[in-house]
Each structure stands twice: as C-alpha cells, then as structure tokens.
Amino acid sequence: MASKAAVAAVDFTRIYSTLGLGKDTIAALQAFRKRHGDAQRIQAQYASQPTTVDLAHYRAVLKNTAIVDEAEKLLKDFKVVTYDVNTHIKAIETFEAKAVEKATATAAQIDVELKELQATLANIEEARAFEDLTVEDVGNAHPRILEAVETMVKKGKWTVPGYKEKFGDLSLM
C-alpha cells in the first residue's frame, strides 16, 4: 500500500524536466511505466475473480454428470506452468544499467557545464567596467592589437581599413 502511495506522490513530469533527461530515456521510462500500469491492472482484474470451481453446483444443474466428472479430473491433474523469468529480469537489469549509465553521464556533463558557468560568472563579476579600461589594459589583454597598431604606424597608415565604410567619414572638410 505504501508503494502505491509513493508512486502516486511522484511527479514524473517534474523529474523529466529537472533532470534534463534525453528524449530516448524519457520515452523508455514512459513506456516502462505504461507496461507496469497495464500489468497491475490485469493482475488486479484476475485477482478479483474467484479461483474455486463449485463442482457440486454443476452436478446438480447438469444432467450429464460425466462431463462434470471429466472436468473434475482435469482440474485435479492440472499443474501450474512455471515460467523462467530470468530473461525478463536480465532485460530489466540491462535497461537499468543503461539508464544509470546515461544518468551518470548526464550528471557529469551538468557538473562540467555548471563549473564553466560559475567560472564565467566569477569572471563577469570581477571584470572592470568598460569605461574604466585604458588602452594599456586592452593592449595587455590582446597583444595582437598593439602589434597591428605598431605595424600601421611604421607603414604610415593612420586610418583603420573599413572604418569609413562602416561608420562613414566624420571629417568636416
């Protein structure tokens, strides 16, 4: 009874969305839940049916008691067939192993992404405002810019290629 209450209390849609499971994992879990629910309904249906046969009632109702005797003999000789469920258990264990493997991989991936985001956030929080930056700071951060400017000055180029096309000519003359 407690397991039924626990299953009813679980919000699977929230679990699917918060864990970031893949589409195939969600589909497999939903299919498994559907099969489990179907099996429970069938089991409940058969459990509610009576399991005993009142042969005395049939002997009283039917004129041909030989049929009742034959049915009674068949019932006494009936042996329940046992099924080997090990293949099903192995399939479930394989599914469980794959699910755990995928969940572990997803958790590791989320941890890596979380660390990257935390590093980016720390970098953003420590960064200076754009207005506070100097040319020297930009040059130290990207030495290629300084090299390009030095090369342009040596060659006597005082304009940046593509500047006029992008921003227009701001000279008054």
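Basis of the calculations
- Residues numbered from 1 in each chain as written.
- Predicted model: local features only at pLDDT ≥ 70, side-chain atom pairs only at ≥ 80, totals over all residues.
- Heavy atoms only, no water.
- Helix = DSSP H or I, 4+ residues; strand = E, 2+ residues; numbered from the N terminus.
- Rg over C-alpha atoms; globule rule 2.2 N^0.38 Å.
- Contact = heavy atoms within 4.5 Å.
- Areas by Shrake-Rupley, 256 points an atom, 1.4 Å probe, with all protein chains shown as cover.
- Phe/Tyr/Trp six-rings, centres within 6.5 Å; stacked < 30°, edge-to-face > 60°.
- Buried < 20%, exposed > 50% of the residue type's maximum accessible area, 1.4 Å probe, protein only.
- Salt bridge = Lys/Arg side-chain N within 4 Å of Asp/Glu carboxyl O.
- Expected span 1.5 Å × (residues − 1).
- Polar contact = N/O pair within 3.5 Å; in protein donor to acceptor, adjacent residues only side chain to side chain.

**A few points about the overall build of the protein**
Within the protein, the regular secondary structure consists of 9 helices and 0 strands. Scanning the protein from its N terminus toward the C terminus, one meets helices and strands in the order α-α-α-α-α-α-α-α-α. Here the C-alpha radius of gyration of the protein, 38 Å, is well above what a compact globule of 173 residues would show, namely 16 Å. In terms of overall dimensions, the protein has a C-alpha envelope of 125 × 30 × 30 Å along the principal axes. Nonlocal contacts in the protein, meaning residues at least 24 apart in sequence, comprise 23% of its contacts between residues at least 6 apart. Only carbon and sulfur atoms are counted for the fraction: they give 62% of the accessible area of the protein, which is about 15,900 Å².

**A few points about the packing of aromatic side chains**
Throughout the structure, instances matching the rule amount to 2 aromatic pairs. Ring centres of Phe32 and Phe95 lie 6.1 Å apart, and the angle between their planes is 20°; this geometry places the pair in the stacked category. Pair noted here: Phe32 is in helix α3 (residues 23–47) and Phe95 is in helix α6 (residues 86–126), with a separation of 63 residues, a long-range link. Between Tyr163 and Phe167, the aromatic rings sit 4.9 Å apart at their centres with planes inclined by 45°, giving tilted as the arrangement. With Tyr163 and Phe167 both in helix α9 (residues 163–167) and 4 residues apart, the pair spans about one turn of that helix. Overall, Tyr163 belongs to the partly exposed group, its relative accessible area being 40%.

**Quick look at the environment of Met152**
With respect to the element layout, Met152 can be found in helix α8 (residues 143–154). What makes Met152 partly exposed here is its relative accessible area of 22%. Every residue in contact with Met152, bar those within four places of it in the chain, is listed here: Lys157, Thr159, Val160 and Pro161.

**Describing the pattern of salt bridges**
Tallied over the full model, the rule gives 6 salt bridges. For the salt bridge of Asp38 with Lys34, the shortest nitrogen-to-oxygen distance reads 3.2 Å. Taken together, the residues span about one helical turn, with Asp38 and Lys34 both in helix α3 at a distance of 4 residues. Assessed through its relative accessible area of 53%, Lys34 is described here as exposed. The salt bridge involving Arg41 is made with Asp38; its shortest N-O contact spans 2.3 Å. Of this pair, Arg41 and Asp38 both sit in helix α3, separated by 3 residues, roughly a single helical turn.

**A look at helix α5 (residues 65–77)**
If you check α5, its first and last C-alpha atoms are 18 Å apart, about what 13 residues at 1.5 Å a residue would give, namely 18 Å. Where α5 begins, one side-chain oxygen reaches toward the backbone nitrogen of Ala66, 3.2 Å away; that side chain belongs to Asn64.

**A short note on the environment of Ala103**
Structurally, Ala103 can be placed in helix α6. Put simply, Ala103 and Leu21 are 82 residues apart on the chain and 7.6 Å apart in space, counted from C-alpha to C-alpha.

That is the geometry; function is a separate question.
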